[in-house]
Amino acid sequence: MKFFQTIFRSRRWLLLVAAVYFLPVSLFALDFTIRVFDPQTGKNIPDVQIVILEIKAKFVTDENGLARATVPAPGYYTFRTIVPGGELVQPRLQIVSAGQQITILTKEAPPEPQRQV
């Protein structure tokens, strides 16, 4: 019994518990970049609102059409994307690793011209 009283009074025990509690979140959180791209104009789009539904987090693209985001773990996430004109796209994309860049297309890419043979 004296052993347990010593452990629970020790500050080391408190630090150990805190480390075990907070460590998994910091180990698996993934920072990545979101790029919002309009394939018809060939440009990134600034001021786009992006909500990752599973974690209820909101991001806005900068003047270069990029946003930095963090998710708690690898997996598939739904990106509710609202472009400045009010158009909504909602792709479900996979985040695999930290440093990854995902691209959200605002429209379908124009068809490639057929080559003359």
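Note: the structure precedes this text.
Procedures and definitions
Along each chain, residue indices are assigned from 1 in the same order as the chain's sequence is written. Residues qualify for local features only when their pLDDT is at least 70, as the model is predicted, and side-chain atom pairs are given and counted only at 80 or more; totals for whole chains, interfaces and linings, by contrast, use all residues. Excluding hydrogens and water, the side-chain values take into account all heavy atoms of the structure. Per-residue accessibility, obtained with a 1.4 Å probe over protein chains only, is compared with the maximum for each type, and a residue is labelled buried under 20%, exposed over 50%, and partly exposed between these values. The numbering of helices and of strands both runs from the N terminus, where a helix is a DSSP run of H or I of at least 4 residues and a strand a run of E of at least 2. Here the rule is simple: two strands pair whenever DSSP picks up at least two bridges between them. The rule for a salt bridge is simple: a side-chain nitrogen of Lys or Arg has to be within 4 Å of a carboxyl oxygen of Asp or Glu. Buried Ala, Val, Leu, Ile, Met, Phe, Trp, Tyr and Cys residues form a nonpolar core when they are joined through side-chain atoms within 4.5 Å. In this analysis, two residues are considered to be in contact whenever any of their non-hydrogen atoms come within 4.5 Å of each other.

1. Things to note about the pairing of strand β5 (residues 66–71)
Judged by which residues are buried, β5 turns out to be one-sided: Ala67, Ala69 and Val71 face inward and are buried, whereas Leu66, Arg68 and Thr70, on the alternate face, are not. Bridge analysis of strand β1 (residues 30–38) against β5 gives six bridges, and the strand direction is antiparallel. Following the sheet pairing, isoleucine 34 is matched in β5 by alanine 67.

2. Some points on the pattern of salt bridges
For the structure shown, the criterion picks out two salt bridges. Among the ionic pairs, glutamate 54 bridges to arginine 92, the shortest N-O distance being 2.7 Å. Taken as a pair, glutamate 54 in the loop between β3 (49–52) and β4 (57–60) and arginine 92 in strand β8 (residues 92–95) lie far apart in primary sequence, 38 residues in all. Residue glutamate 54 is classed as partly exposed on the basis of its relative accessible area of 37%.

3. Topic: the nonpolar core
Residues Phe32, Ile34, Ile52, Val71, Phe79 and Ile95 are the most contacted members of the largest nonpolar core, which totals 20 residues. Elements with a contribution of two residues or more to this core: β1, β3, β4, β5, β6 (75–82) and β9 (101–105). With sequence-adjacent residues up to four places away left out, isoleucine 95 is seen in contact with Leu30, Phe32, Val71, Pro74, Gly75, Tyr77, Phe79, Gln100 and Ile102.

4. Some points on unusual backbone geometry
Of note, aspartate 47 is a non-glycine position whose phi angle comes to about 60 degrees, a positive value. Tracing the backbone shows aspartate 47 in the loop between β2 (43–44) and β3. The exposure class assigned to aspartate 47 is exposed, which follows from its relative accessible area of 54%. The backbone of lysine 56 shows a phi angle near 55 degrees, a positive value even though the residue is not glycine. In this fold, lysine 56 is placed in the loop between β3 and β4. Of the residues examined, lysine 56 reaches a relative accessible area of 74% and is grouped as exposed.

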